[in-house]
Amino acid sequence: MKKTIKILLLLIAAFSAINAANNVVDEVIWVVGDEAILKSEVEKQIQQMKYDKTNIEGDPYCVVPEQLAIRKLFLHQAALDSLKVNESGVSMQVDGRIDDFLSQIGSQERMESYFGKTMKQIKEELTSQAREQSLIQQEQQKLTSHLKITPADVQTFFTGQNEEEIPTIPAKVEVQILTIDPGYSQKQIDEIKEKLRGYKDRVEKEDASFSMLATLYSDDTGSAKNGGELGYMAKAQLVPEFANEAFSLTDPNKVSKVIQTEYGFHIIQLIDRKGDRVNVRHILIKPKVEIEEKVKAIHKLDSIRDLISADKLTFENAALIFSDDKNTRMSGGLMLNPQDGSSKIEYKDLDPAVSKLANSMNAGEVSKPITMNMPGGKEVCAIIKIKAKIDEHKANIKDDYPQMKAVVQNEKNNEIIDAWIRKKQTETYVKINPNWANCEFHYPNWIKK
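What counts, and at which threshold
- Residue positions are given per chain, counted from 1 along the sequence in the order it is written.
- A pLDDT threshold of at least 70 governs which residues receive local features in this predicted model, and a stricter bar of 80 or more applies before side-chain atom pairs are shown or counted, although totals over entire chains, interfaces and linings include all residues.
- Only hydrogens and water are set aside; all other atoms, that is, all heavy atoms of the structure, feed into the side-chain values.
- Patches here are clusters of residues that have more than 30% relative accessible area and form no salt bridge, with a 9 Å joining cutoff for like charges and a 5 Å cutoff for nonpolar side chains (Val, Leu, Ile, Met, Phe, Trp, Tyr).
- Reported accessibility uses the Shrake-Rupley method at a 1.4 Å probe radius. Residues are deemed covered only where the shown protein chains occlude them.
- By salt bridge we mean one thing: a side-chain nitrogen of Lys or Arg within 4 Å of a carboxyl oxygen of Asp or Glu.
- Helix and strand definitions here come from DSSP, where helices need a minimum of 4 consecutive H or I residues and strands a minimum of 2 consecutive E residues; each element is numbered from the N-terminal end.
- Burial here depends on accessible area, computed with a 1.4 Å probe over protein chains only, as a share of the maximum for the residue type. Under 20% is buried, over 50% is exposed, and the range in between is partly exposed.
- On a range of 0 to 100, pLDDT expresses the predictor's confidence in each residue.
- Residue contacts are counted whenever heavy atoms from the two residues lie within 4.5 Å of one another.
- Helix span, expected: 1.5 Å multiplied by one less than the number of residues in the helix.
- A pair of strands is labelled paired if DSSP reports no fewer than 2 bridges between them.
- Between N-to-C directions, angles span 0 to 180 degrees; the directions come from axes that are lines fitted to C-alpha atoms, helices contributing only their stretch in contact.
- Identification of polar contacts relies on pairs of N or O atoms within 3.5 Å, with a donor-acceptor requirement for protein atoms, meaning one able to donate a hydrogen and the other able to accept it, and with residues adjacent in sequence counted only if both atoms are side-chain atoms.
- The scheme is simple: roughly parallel for angles under 35 degrees, roughly antiparallel for over 145, roughly perpendicular for 65 to 115, oblique for anything else.
- By arc we mean the arc of the directions from the helix axis to the C-beta atoms, nothing more.
- The criterion for a disulfide is a pair of cysteine sulfur atoms lying within 2.5 Å.
- For the purposes of this section, nonpolar cores are sets of buried Ala, Val, Leu, Ile, Met, Phe, Trp, Tyr and Cys residues that join through side-chain atoms within 4.5 Å.

Novice: Could you clarify how one ought to interpret a nonpolar patch on the surface in this entry?
Specialist: On the surface, Met212, Leu216 and Tyr217 cluster together to form a nonpolar patch covering roughly 290 Å² of accessible area. Its place among the elements puts Met212 in helix H9 (residues 210-217). With relative accessibility at 37%, the residue Met212 sits in the partly exposed group.

If you want it as structure tokens, here you go:
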């Protein structure tokens, strides 16, 4: 009974909006189950797809409402199944999305102007979207988790494909790397620590606010725009040294000691804590690699390369003994693909400096020293060896089974999800505003005959 009343209220809102004056700002255009789809949702989604350069095949005002309706089907089922969202994962996803926006648009001010919203509003919307997407993915995984793809399934699937339907595998490379961290002079480290202690004293003596100092002096440009504020973060979202200090703070009027992480040196101020998440401000100062230290590292790499070229040392042993890269040292310097954990990596997924060099080298060749930036932004010196090169080619089961299996898995998953959507259409209440019903939908049963 409650559900029926809710639907009726939604319909009343819809038709009231239709019969209102021509300056209507928003209206309900679809009802799916007991969930409404607003015109503003459609406009917002189209804007987002344009920003992401997502191709829309067909009329956006037909395609996008149908996509939103499908999302409502999954969200309705997720509510029935009492699925929960991993809030820590959502927070990480939102922060990553905002960082991407800032890097593309250039500044918080331009980002707010582009979307016509404050940063707080943008973050709230992204959080809502991420939560919904998490529920949808969980529901889809429930539908497909029983599906197991065997080598026979892969063989059967591709035997029936035309040559042009066989996927093309892009060129890949296997790279070994040996890195030397040039480090920083003790003089520079002492100067940075002294500067941060000075900021700490000014805040605690109330000579200056932490947020003002962060805006002026922090090398973390993303948070500096917000006075150094990071937003609520779970411990797992922060590097260990920073997390340990941030979660130990109890007094918002005090500032932490100077701590060092892979990103540089920080001081931290507590803003608030809610359960297992903390909101802090920080000021980061990144040391700069001095030319003398870089020259030392390059000379060391030259010497190591000479030993390898003279067959007095293998690259694998050299990496184990000398490399400062903890992620590759124990595997003889072999880099792994973060997508699938394999050693075969597309050139576009390598650091630009490594990619450019690897593209010009032959298998078995060891490079001259280069400089490159690690994910945290730290500059290091490195040599690389090309273990193997794989040219672009049509996929075959012998060499490309993981990729071909993924194609089959995706195809079968889509078949299951497609069948589920068609079934749910017949079981779910759907009402479409007549002004939005004149479309050729992918799924034809939205409008009941």
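Novice: Would you explain the confidence of the model for the protein in this entry?
Specialist: Low pLDDT means the predicted atomic positions in that stretch should not be read closely. This prediction gives the protein a mean pLDDT of 86; 93% of its residues lie at or above 70. Long-range and interchain partners of residues 1-24, a stretch whose pLDDT sits below 50, account for 24 contacts in this model, where long-range means more than four residues apart.

Novice: Please clarify how helix H12 (residues 291-309) should be interpreted in this entry.
Specialist: With 19 residues, H12 ought to run about 27 Å at 1.5 Å a step, and its terminal C-alpha atoms sit 27 Å apart, in line with that. Contacts from the buried residues of H12 go to strand E4 (172-180), helix H13 (315-322), strand E10 (370-373) and strand E11 (379-390). Just past H12, the residue Asp311 takes up positive phi, approximately 60 degrees.

Novice: Looking at this structure, how should I read the sheet that holds strand E6 (residues 259-261)?
Specialist: Backbone hydrogen bonds hold the strands of a sheet together, and the pairing may be parallel or antiparallel. Strands sit in the order E5-E8-E7-E6 across an open sheet of four strands; the sheet is antiparallel. The two strands at the open ends of the sheet, each matched to only one other strand, are strand E5 (233-234) and E6. Taken together, the two bridges between E5 and strand E8 (residues 277-285) define a ladder with antiparallel strand orientation. Bridge pairing in E8 places Ala234 opposite Arg277. Along the sheet, helix H8 (residues 186-204) makes contact with strand E7 (264-274) and E8, crossing E7 at roughly 30 degrees.

Novice: I tried to follow the sheet that holds strand E13 (residues 430-432) on my own but got confused; where do I start?
Specialist: Judged by pairing direction, the sheet is antiparallel, and its three strands sit side by side in the order E2-E1-E13 without closing on themselves. Only two strands of the sheet have a single neighbouring strand rather than two, namely strand E2 (35-38) and E13. Averaged over all adjacent pairs, the angle separating strand axes in this sheet is 20 degrees, with direction ignored. Sheet strands touched by helix H2 (residues 39-51): strand E1 (28-32) and E2. Its angle to E2, the strand with the most contacts, is close to 60 degrees.

Novice: Would you mind showing me how to read the pairing of E1 here?
Specialist: Taken residue by residue, a regular strand's side chains alternate between the two faces of the sheet. Most of E1 is tucked away: five of the five residues are buried. Where E1 folds back onto E2 in an antiparallel hairpin, the turn is made up of two residues, including Gly33, whose phi is positive at roughly 65 degrees.

Novice: Would you take a moment to explain the pattern of salt bridges for this structure?
Specialist: Opposite charge on two side chains lets them pair, provided their charged atoms get close. Applying the stated rule across the entire model yields 15 salt bridges. For Asp81, the salt bridge goes to Lys142, with nearest N and O atoms at 2.9 Å. Taken together, the residues span a long stretch of sequence, with Asp81 in the loop between helix H3 (60-80) and helix H4 (87-105) and Lys142 in helix H6 (residues 119-144) at a distance of 61 residues. The exposure class assigned to Asp81 is partly exposed, which follows from its relative accessible area of 27%.

Novice: What is the right way to read the environment of Glu41 from this model?
Specialist: Take Glu41: it is sitting in helix H2. Glu41 sits 13 residues away from Val28 along the chain, and the two C-alpha atoms are 9.6 Å apart. With residues near it in sequence (within four places) discarded, Glu41 still touches Ala36, Leu68 and Lys72. Reaching out from Glu41, the side chain makes a polar contact with the backbone nitrogen of Leu38 at a distance of 2.9 Å.

Novice: Honestly, the packing of H3 against H6 in this entry has me stumped. Any pointers?
Specialist: The relative placement of two packed helices is expressed as an angle between their axes plus a distance between the axes. H6 packs onto H3 with a crossing angle of 75 degrees between their chain directions and a minimal axis gap of 9 Å. Comparing the axis directions of H3 and H6 gives the class roughly perpendicular. Residues Arg71, Phe74, Leu75, Gln77 and Ala78 of H3 form the contact with H6, whose participating residues are Gln129, Glu132, Gln133, Leu135, Ile136, Glu139, Gln140 and Leu143.

Novice: Help me understand helix H5 (residues 108-115) in this model?
Specialist: An α-helical turn contains 3.6 residues, so a residue and the one three or four places further along point in the same direction. Taken as a whole, H5 has its buried residues at Gln108, Met111 and Phe115. Burial along H5 is one-sided: seen end-on, the buried residues are contained in an arc of 60 degrees. Exposed residues pointing more than 90 degrees away from the buried face of H5 are listed as Glu109, Arg110 and Ser113. Directly after H5, the chain includes Gly116, whose backbone phi takes a positive value near 70 degrees.

Novice: So what exactly am I meant to see when it comes to the state of the cysteines here?
Specialist: Disulfide: a covalent bond connecting the sulfur atoms of a pair of cysteines. For the structure shown, the criterion picks out one disulfide. With a sulfur-sulfur separation of 1.9 Å, Cys62 is cross-linked through a disulfide to Cys439. As the torsion about the S-S bond is roughly -75 degrees, the Cys62-Cys439 disulfide counts as left-handed. Placement of the pair is Cys62 in helix H3 and Cys439 in the segment after E13, with a sequence separation of 377 residues.

Novice: Help me out: how do you make sense of the nonpolar core in this one?
Specialist: A general trend in soluble globular proteins is that nonpolar side chains are found buried together. Counting residues in each nonpolar core, the largest one holds 32 residues, and the members touching the most others are Trp30, Ile37, Val42, Phe74, Ile421, Ile432 and Trp446. When contributions to this core are tallied by element, the ones reaching two or more residues are E1, H2, H3, H6, helix H15 (397-427) and E13. Here this core takes 10 residues from H3, the largest share from any one element. When neighbours within four sequence positions are excluded, Trp30 is seen to be in contact with Glu35, Ala36, Ile37, Pro65, Glu66, Ala69, Val430, Lys431, Ile432, Trp436, Phe441 and Trp446.

Novice: Would you explain unusual backbone geometry in this entry?
Specialist: When glycine is set aside, most residues are seen to have a negative phi, and most peptide bonds are trans. Its identity as a non-glycine residue notwithstanding, Glu206 has a phi of 60 degrees, on the positive side. In this fold, Glu206 is placed in the loop between H8 and H9. On the basis of relative accessibility, which here comes to 72%, the residue Glu206 falls in the exposed class. Its identity as a non-glycine residue notwithstanding, Asp311 has a phi of 60 degrees, on the positive side. Mapped onto the secondary structure, Asp311 falls in the loop between H12 and H13.

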